[in-house]
There are 2 protein chains.
Amino acid sequence: MLASKLYSPTLREIPADAEIASHQYMLKAGMIRKNGGGLYSFLPLGRRVELKIEAIVREEMENIGAQEIMMPIMQPAEIWHESGRWNAYGPEMFKLEDRHGNHFCLGPTHEELITTLVRNELRSYKQMPVTLWQMQNKYRDEIRPRFGLMRSREFVMKDAYSFDVDEEGLHKSYQDEYEAYTRIFTRCGLNFKPVEADSGQIGGNHTHEFMALAQAGEAEIVSCSKCDYAADIEKAVPQAVEMPAEDAKDVELIETPNCSTIEDLAQFLHIPVEKTIKAVAFTIDGEKTVLCMVRGDHEVNDVAVQNFIGGNVIEPATEDELKAHGLQPGYMSPMGADKPDNETFFVLVDPSAMNVPNGVTGANKAGYHYQNVNPSRDFKDVTVTTIRNMVEGDKCPHCGAPVEIVRGIEVGQVFELGTKYSEALHATFLDQNGKAKPYVMGCYGIGVTRTIAAAIEQFHDEHGIMWPVAIAPFEVAIVPVSSKDQDQVRIAGDLYQALQAAKADVLLDDRNERAGVKFNDADLIGYPVRITVGKKSAAEGTVEIKVRRTGEQEVVPIDQAVARVQAILADLRSKNM
Amino acid sequence: MLASKLYSPTLREIPADAEIASHQYMLKAGMIRKNGGGLYSFLPLGRRVELKIEAIVREEMENIGAQEIMMPIMQPAEIWHESGRWNAYGPEMFKLEDRHGNHFCLGPTHEELITTLVRNELRSYKQMPVTLWQMQNKYRDEIRPRFGLMRSREFVMKDAYSFDVDEEGLHKSYQDEYEAYTRIFTRCGLNFKPVEADSGQIGGNHTHEFMALAQAGEAEIVSCSKCDYAADIEKAVPQAVEMPAEDAKDVELIETPNCSTIEDLAQFLHIPVEKTIKAVAFTIDGEKTVLCMVRGDHEVNDVAVQNFIGGNVIEPATEDELKAHGLQPGYMSPMGADKPDNETFFVLVDPSAMNVPNGVTGANKAGYHYQNVNPSRDFKDVTVTTIRNMVEGDKCPHCGAPVEIVRGIEVGQVFELGTKYSEALHATFLDQNGKAKPYVMGCYGIGVTRTIAAAIEQFHDEHGIMWPVAIAPFEVAIVPVSSKDQDQVRIAGDLYQALQAAKADVLLDDRNERAGVKFNDADLIGYPVRITVGKKSAAEGTVEIKVRRTGEQEVVPIDQAVARVQAILADLRSKNM
């Protein structure tokens, strides 16, 4: 490709609403443009990256025998009513009507569609297992689309669905996808971790998220400093923290003015935060009030709370609800509150909070706390269960080594759905005994466009993007320093043709621009290898080769340049970088 | 691919709503499934065909230097308001709202989006010409989706948009796309014709439709029996037909009971239909009434009428409108009606109707006609202009030879848009003199999914599909007659591996099915080449090779089978069949 023909309008200024590197650089480099909130066009350079990722996904899906299909984006409301998700999905689903008044959604996911697609035709255990997949635009009406491709409203997803006769088959299909995902993200050059995750709204019981590790990520991941263990913070189950034993003292009511936070309280009383026990209260489905007690330095894991209690929607409890159960907002604890009935009112205490000796907690009286609280003596009728997030230094549940908390971008997820959708949609096959059974299903997603953003978050510097070779828009850029120097133009042109003949994916910057502009653009767009043709090229017969990712530069004779570039590319590829 | 693993549920019965071969066979062969009115899933075999067409399109777009992009499907209403098409597009456009109440459409086309995408960044004549294209789902809320992929509501289109500095540049971009389209449809194996067409609602002044010739097509095409001329019937301009001269007789009012059609009238009066002059009336934009007179055996071309008068919406006139202008429904003519003011009431007469000597036409009195009408004498204040469709035998406007009328499926269209959208959307560049000028644009579409249907309409027999090699889901199928015969299974398996090693796109029918089922499925799905491994294969060391398209069969030694299949495929490919 000739740069003079390439439509890639670069920007000199970073747009104000672009907060993270991937968003900034894709706009600056002319890879994407915004057409509306969370709606983007991919310009030629961006589209090239996306197509390369799609090709890698396609190859790896073929390798595991998954078959490519294409389902409609527009889905009839009926099948969502059948599964019960038409209303449950909430305002994130785009809905529309046709000219006859029939209702449709723009698919945020395709469990309903795939299940109804196969339910009358995948009839026998003999036809299974089968995994079908597609690569397609998906739609989510994010309340606040942001971060460019990271959280957009229209995005490309690869979604796969497996159909097995039993759990054992599902484990195998799941494992195949898991391994394919590992290969895909490895080939894309990402630094990623598969982490144990909570299955959330989609249902099912076993799931991993593939997380690209990056500070800009919206997910928190617990990662062992020693072994392979990694889990979404919502999923990770911390062990109880022990504290040095003390003789239990008598409970005292103390006045604690102006202590609206746990930190204020600890400071006022001159005690460490660990000696306080804090309270957070939720409503689940507007029916159940749940008081949660954790140690002052810990945070409540609301997913753990919801998983323990059940229900669909968890929200902060209102003041009225709290008061109805004898709870004083800001000064809550089980002490002095109603007795939990474990039907409409629950009190959950985290094991680490149970271990606090002679601690401080709310007195359910404005401006007052209790001190010398020993939960196993003083908290009556409560339920002890782990409801806190892991923190740095907690013990790894697998090996006991201390964990770290890192941030990640979710680029893929694999789910064991089981029979949730096949039962809801009455989708069955006949087993070996001629008995109708629901499919045992799995589903598997990759955020294709989000993967682009994740790669940039991981691989960039202050000058621009540093693409992994496998997904770079072009592998090599040739930059003649002066477009007016006929020798340079000729040498660059010859190299361009030679590299094309050698099947390299090469761009020649033949634009009539200053050298600085061309170098800056090459760094910004992030071609893995740059060949500079300058004055020395004609005089001494050499060119300079620079590797964007490592910054390494070398000067090589022109007649060895093609071979050297090929060797460098092969080396980078072999390292998935 | 192993047939036992392939998800392609064939049907034994043709679904009732499938009226044409492509729809029937794609359903029967398990290539597509309906998920709602005009909404289809592509199963693995169908998706393979589509991907092959997409690859051909991509290659040919690259060949002409067009650059691939991807725009959002969901488009903000604002840009359609800006161009004036938000309301003008009518009920075929799917519209929706997001959670904040903002309006969007699902793109039926992308002129607005591409123009606003580039308008602030394609700033200089130096950056042009540039052609950008994408391959994407498009949406049209057809009032009656039918014929499977031929007229669906969600379909895959390739759409390209060119930006030039002047008309001359546009002609060149247009010609490049025209030639690329010719290569694309040739490579896809279609029997097609580029025909001159009317530019219709999208605007612009020069356009060709690429028509796949097929009886199931919805378009009528005028095609010269001798030269290259071909035009959409709406676009073709027929010459006036002469009739033998007669002495003009006096007009007479005659009673014509029960003559509600022109045929009844001719029969009642014992005259040829050619001696009658019939009337059809329209309303344009609800403001203008247009009475159209054509010879009794001709049909009115409403597009020609609309182009002559102008306006957006042409509909049949209502009885009230007719009576307001002195016209009697069923007995209309200019004689006895109001005088046309050429503002709200027009009378257009086709030149061939003007040539009818002593003809019969309506008397604007129920049950009566005039005879011995000579239009040039008797039709007062009318406008003579060509408003009829061509018919078989009309003279070719290029060479004068008789034309034929054939049917076609529109699979592609190329348009010279000119400055219609760039002016409406204030999208300009700076020319060599630093003057702002609107882009001179072209747009170019291919119905990718419709091309699949067109290929089947052209290439099928009573047993099923006969795919052109270039777009067949698999090029070769190997069928062992008995899946229980170990020799056959081994020979078939060896051939499968050998063909895979030779890079053939091959399917092995390893299913435990009767030979008849396997043969029928192979014919139905339409693999171009079938290798049959039977009893003789083990006994005599031969296999049978059958070419689906020609029906030719031959018996070859097993060790020559791979080479022979490759030769057959190469031969078919070279003939684009």
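The residue numbering used here restarts from 1 in each chain and proceeds along that chain's sequence as written. Each chain gets a letter, beginning with A, and each ligand a number, beginning with 1, in the order they are written. Owing to the predicted nature of the model, reporting of local features is limited to residues with pLDDT of at least 70; listing and counting of side-chain atom pairs is limited to 80 or more, with chain, interface and lining totals taken over all residues. Note that water and hydrogens are dropped before the side-chain values are worked out from all heavy atoms of the structure.

An unreviewed UniProt entry annotates chain A as Proline--tRNA ligase originating from Megasphaera elsdenii DSM 20460. UniProt positions are given in the numbering used here, feature names are shortened, and annotations may be inferred rather than shown by experiment. The UniProt entry for chain A carries the following text under Subcellular location (unreviewed entry): "Cytoplasm". Under Sequence similarities (unreviewed entry), UniProt gives the following word-for-word description of chain A: "Belongs to the class-II aminoacyl-tRNA synthetase family. ProS type 1 subfamily."

Colleague: Mind laying out the pairing of strand β15 (residues 288-295) of chain B, listing which residues take part and the relevant values?
Modeller: Residues and elements named next belong to chain B. Note on classification: 1.4 Å probe, protein chains only; a residue is buried when its accessible area is under 20% of the maximum for its type, exposed when over 50%, partly exposed between these limits. Counting from the N terminus, the helices are DSSP H or I runs at least four residues long and the strands are E runs at least two residues long. Counted residue by residue, β15 has seven buried out of eight residues, so it is predominantly covered. With eight bridges joining them, strand β14 (residues 277-284) and β15 adopt antiparallel strand pairing. The residue of β15 that forms the bridge with I277 is R295. Any two strands are treated as partners once DSSP identifies two or more bridges connecting them. Connecting β14 to the next strand, β15, in antiparallel fashion are three residues, including D285 with a positive phi near 55 degrees. Sheet topology note: the β15/strand β17 (residues 345-349) ladder contains five bridges and is parallel. The partner of M293 across the bridge, within β17, is V349.

Colleague: Can you explain the relation of the copies chain A and chain B? Please cite residues and give values.
Modeller: Each copy is superposed on the other by least squares, with the fit set by C-alpha atoms of residues at a pLDDT of at least 70 in both. Relative to chain B, chain A is turned by 180 degrees and slid 0.1 Å along the rotation axis, the superposed coordinates differing by an RMSD of 0.2 Å. A rotation of that kind, with that shift, is consistent with a two-fold axis. Looking at the rotation axis and the C-alpha trace of chain A, the residue lying nearest is L96 of chain A, at 2.6 Å. The criterion used for residue contact is that any of the two residues' heavy atoms lie within 4.5 Å. Here 100% of the interface residues in chain A have copies in chain B that are interface residues too; the copies meet face to matching face.

Colleague: Before we move on, could you go through the side chain of E475 of chain B and cite the residues and values that matter?
Modeller: Residue and element names in this part refer to chain B. Relative to the assigned elements, E475 resides in the loop between β26 (464-465) and β27 (476-480). By relative accessible area, which is 11% here, E475 ends up buried. Ignoring sequence-local partners within four residues, the contact set of E475 consists of K52, V469, A504, D505, Y527, P528, V529, L569 and R573.

Colleague: With reference to specific residues and values, describe the interface of chain A and chain B.
Modeller: In this assembly, 52 residues from chain A lie in contact with 52 residues from chain B. Once two parts are put together, the accessible area they lose, assessed with a 1.4 Å probe and summed over both, is termed the buried area. On the chain A side of the contact with chain B, Y7, R99 and E121 of chain A bury the most area, a combined 16% of that side's loss. Here, a salt bridge means any side-chain nitrogen of Lys or Arg that lies within 4 Å of a carboxyl oxygen of Asp or Glu. Applying the counting rule to chain A against chain B returns six salt bridges. The shortest N-O distance in the salt bridge between D98 of chain B and R153 of chain A comes to 2.9 Å.

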